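Spelled out, the chains give:
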Amino acid sequence: MDRQHPVLSRCRHLLLWNADRKQYVVVQPPPAVPALPANSYEVIAYPSAGQSQDQQARDRYECHRWAVNQSGFDPSSATQAPPAATADYYRRALGACLSGRGYSIN
């Protein structure tokens, strides 16, 4: 058994192997990561080419403008939610642009 990974016991406790004590110990579960709402237009992009904060802001703005042109939808001026396909197209266009500029997209 791999003792590096936490184990959920029968009594619903999260256990982790403690090599010094040579036994499993109860640990706290990691905090939950909130999911983006389904109608969110946000794309999470991590700079993977050492882009500065200024470059990241420029890239995000330019990619936003390109995604608006591609999708026909501008979330910054929307007064109501668009059809799901339109929002998805905007997100995919924004992600593709940022990926092309050296960002890791989640």
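In case you missed it, the structure is sitting above this.
Rules used throughout
- Counting restarts for each chain, with residues numbered from 1 along the sequence as it is written.
- Per-residue local features are limited, in this predicted model, to residues with pLDDT of at least 70; the limit for side-chain atom pairs, both in listing and counting, is 80 or more; totals at the level of whole chains, interfaces and linings are taken over all residues.
- By convention in this description, side-chain values take in all heavy atoms of the structure and omit both hydrogens and water.
- Think of it this way: any DSSP run of H or I at least four residues long counts as a helix, any run of E at least two long counts as a strand, and we number them from the N terminus.
- Throughout this description, buried means an accessible area under 20% of the type-specific maximum (1.4 Å probe, protein chains only), exposed means over 50%, and partly exposed covers the range between.
- Throughout, a contact is declared for two residues whenever any of their heavy atoms are within 4.5 Å.
- Working definition of accessibility: Shrake-Rupley area with a 1.4 Å probe, residue cover restricted to the visible protein chains.
- Here, a disulfide means two cysteine sulfur atoms that sit within 2.5 Å of each other.
- Each pair of aromatic rings taken from Phe, Tyr and Trp, with Trp reduced to its six-membered ring, is defined by centres within 6.5 Å and is described as stacked if the planes are under 30 degrees apart, edge-to-face if over 60, and tilted in the remaining cases.
- Residues belong to a common nonpolar core when they are buried Ala, Val, Leu, Ile, Met, Phe, Trp, Tyr or Cys residues joined through side-chain atoms within 4.5 Å.
- Given a helix with a known number of residues, its expected span is that number minus one, times 1.5 Å.

Draft legend 1. Just the overall build of the chain, in detail. From N to C terminus, the chain includes two helices and five strands. Each helix and strand of the chain, placed in order from N terminus to C terminus, yields the pattern β-β-β-β-α-α-β. In the chain, which comprises 106 residues, the share counted as buried stands at 24%. Relative to all contacts within the chain whose residues are 6 or more apart in sequence, the contacts with residues 24 or more apart total 48%. When the accessible surface of the chain is split by element, carbon and sulfur atoms take 53% of a total near 7800 Å².

Draft legend 2. The state of the cysteines, seen in detail. Counted under the stated rule, the structure contains one disulfide. For C63, the disulfide goes to C97, at an S-S distance of 2.1 Å. Between C63 and C97, the S-S dihedral sits near -70 degrees, and the bridge is therefore left-handed. Highlighted residues: C63 in helix 1 (residues 53–71) and C97 in helix 2 (residues 84–100), separated in sequence by 34 residues.

Draft legend 3. Local environment of the packing of aromatic side chains. Per the counting criterion, the structure on display carries three aromatic pairs. Considering the side-chain rings of W17 and Y24, the 5.1 Å spacing of their centres and the 75 degrees angle between planes classify their relative orientation as edge-to-face. We classify W17 as partly exposed; its relative accessible area is 23%. An aromatic cluster is defined as three or more aromatic residues linked by ring pairs; in this entry it consists of Y41, F73 and Y90.

Draft legend 4. Main features of the nonpolar core. Judged by nonpolar contacts, V43, C63, A67, V68, F73, Y90, A93, L94, C97, L98 and Y103 together constitute the single largest core of 11 residues. Non-local contacts of F73, meaning those with residues more than four positions away in its chain, are made with Y41, V68, A78, P82, T86 and Y90.

Draft legend 5. Geometry of unusual backbone geometry. Of note in this structure, K22 is not a glycine but carries a positive phi near 55 degrees. You can see K22 is positioned in the loop between strand 2 (14–18) and strand 3 (23–27).

Draft legend 6. Main features of helix 2. Taking 1.5 Å as the rise per residue, helix 2 with 17 residues should run 24 Å; its terminal C-alpha atoms sit 24 Å apart, in good agreement. Among the residues of helix 2, those classed as buried are A87, Y90, A93, L94, G95, C97 and L98. Buried residues along helix 2 sit in contact with strand 4 (45–47), helix 1 and strand 5 (103–105). Phi turns positive, to about 95 degrees, at G102, one or two residues after helix 2.

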